[in-house]
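# Reading the structure
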Amino acid sequence: MAHEYRVTVAWHDDPGTVDYRSYTRDHVVSADGKSSLDGSADRSFRGSAARWNPEELVVAALSQCHLLSFLHVAADAGVVVTAYSDHPVGRMTKDDDGGWSFASVVLRPEITVAGAEPDLTALHHAAHEACFIARSVGFPVTVEPGAAPP
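Now for a quick tour of the structure. (Residues numbered from 1 in each chain as written. Predicted model: local features only at pLDDT ≥ 70, side-chain atom pairs only at ≥ 80, totals over all residues. Heavy atoms only, no water.)

### Some words on the overall build of the protein chain
We apply this condition: Secondary structure elements are defined from DSSP: runs of H or I of at least 4 residues count as helices, runs of E of at least 2 residues count as strands, and each element is numbered from the N terminus. Atoms counted for the radius of gyration: C-alpha only. Globule rule: 2.2 Å times the number of residues to the power 0.38. Buried residues are those whose accessible area, probed at 1.4 Å on protein chains only, stays under 20% of the maximum for their type, while exposed residues exceed 50% and partly exposed ones sit between those limits.
Scanning the protein chain for helices and strands turns up three helices and eight strands. Listing every helix and strand of the protein chain by position from the N terminus yields β-β-β-α-β-β-β-β-α-α-β. Here the C-alpha radius of gyration of the protein chain, 19 Å, is well above what a compact globule of 150 residues would show, namely 15 Å. The principal-axis extents of the C-alpha atoms in the protein chain amount to approximately 60 × 40 × 30 Å. Burial statistics for the protein chain: of 150 residues in total, 26% are counted as buried.

Quick look at the structure:
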């Protein structure tokens, strides 16, 4: 069994990639039936601060995946979640070859439940194990429930 996900990433610029400093990093990410997403590079790579960059989207995808996995395991366990927020932080470092890669992502979910609050540690562990994005990346993703953002 397999699932496919299709998007379109479109960029254009005139006069184009004349040199590294001359071209825009702004682009549009779209998919059928969805609102478009304005993308760019991170500001440190000459991108627009007003647009989403790939680094933010990786961190957001990990957070969303944990959220959705957590809601699933909570529902299966009979825990009624009424609110969930996360303030994840991704850390990139420069590699020995001069390139960049993620060194880690820390998720910091804050959860509100109806009734007496159960021990959520096991639910977070199960959600983390179920999150296909966390299982797919080559860097550590940790969960620190209730931790304040730095």
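### A closer look at the packing of helix α1 (residues 54-76) against helix α2 (residues 121-130)
As a reminder, the rule being used: Under this scheme, a helix contributes an axis fitted over its contacting stretch, all axes are lines through C-alpha atoms, and angles between N-to-C directions fall in the 0 to 180 degree range. Small angles under 35 degrees read as roughly parallel and large ones over 145 as roughly antiparallel, with 65 to 115 read as roughly perpendicular and the rest as oblique. Each crossing is labelled by how the near helix is turned from the far one, with a counterclockwise turn of less than a right angle marking it left-handed and a clockwise turn marking it right-handed. Whether two residues are in contact is decided by their heavy atoms: any pair within 4.5 Å suffices. The classification used treats Ala, Val, Leu, Ile, Met, Phe, Trp, Tyr, Cys and Pro as nonpolar, Asp, Glu, Lys and Arg as charged, and all other residues, Gly among them, as polar.
One way to put it is that α1 packs onto α2 with a least axis distance of 8 Å and a crossing angle of 125°. Taken together, α1 and α2 sit at an angle that is classed as oblique. Viewed along their axes, α1 and α2 form a crossing whose handedness is right-handed. Between α1, through H66, S69, F70, V73 and A74, and α2, the contact on the second element is made entirely by L123, H124, A126, A127, H128 and A130. Residue composition of the contact of α1 with α2, by class: seven nonpolar, four polar and no charged.

### Section: the side chain of S69
Locating S69 in the fold gives a position in helix α1. A residue is classified by how much of its surface remains accessible, and S69, at 10% relative accessible area, is buried. With residues up to four places along the chain from it excluded, the contact list for S69 reads A127, A130 and C131.

### Some details on the sheet that holds strand β3 (residues 37-39)
Let me state the cut-off plainly: Two strands are counted as paired when DSSP detects at least two bridges linking them.
What the three strands build is an open sheet, ordered β1-β2-β3; its pairing is antiparallel. Each end of this open sheet is capped by a strand with a single partner; those strands are β1 (8-10) and β3. Each strand axis lies, on average, 25° off the axis of its neighbour in the sheet, ignoring direction. In this sheet, β3 lies alongside strand β2 (residues 27-30) in antiparallel orientation, the contact comprising three bridges.

### Structural notes on the state of the cysteines
Heads up, the condition is: Disulfides are defined in this document as cysteine sulfur pairs within 2.5 Å.
Applying the stated criterion across every chain yields a total of one disulfide. The partner cysteine of C65 in its disulfide is C131, sulfur to sulfur 2.4 Å. On the S-S bond that ties C65 to C131, the torsion sits near 135°, and the link is right-handed. Taken together, the residues span a long stretch of sequence, with C65 in helix α1 and C131 in the loop between α2 and α3 (132-136) at a distance of 66 residues. For the pair formed by C65 and C131, the shared burial category is buried.

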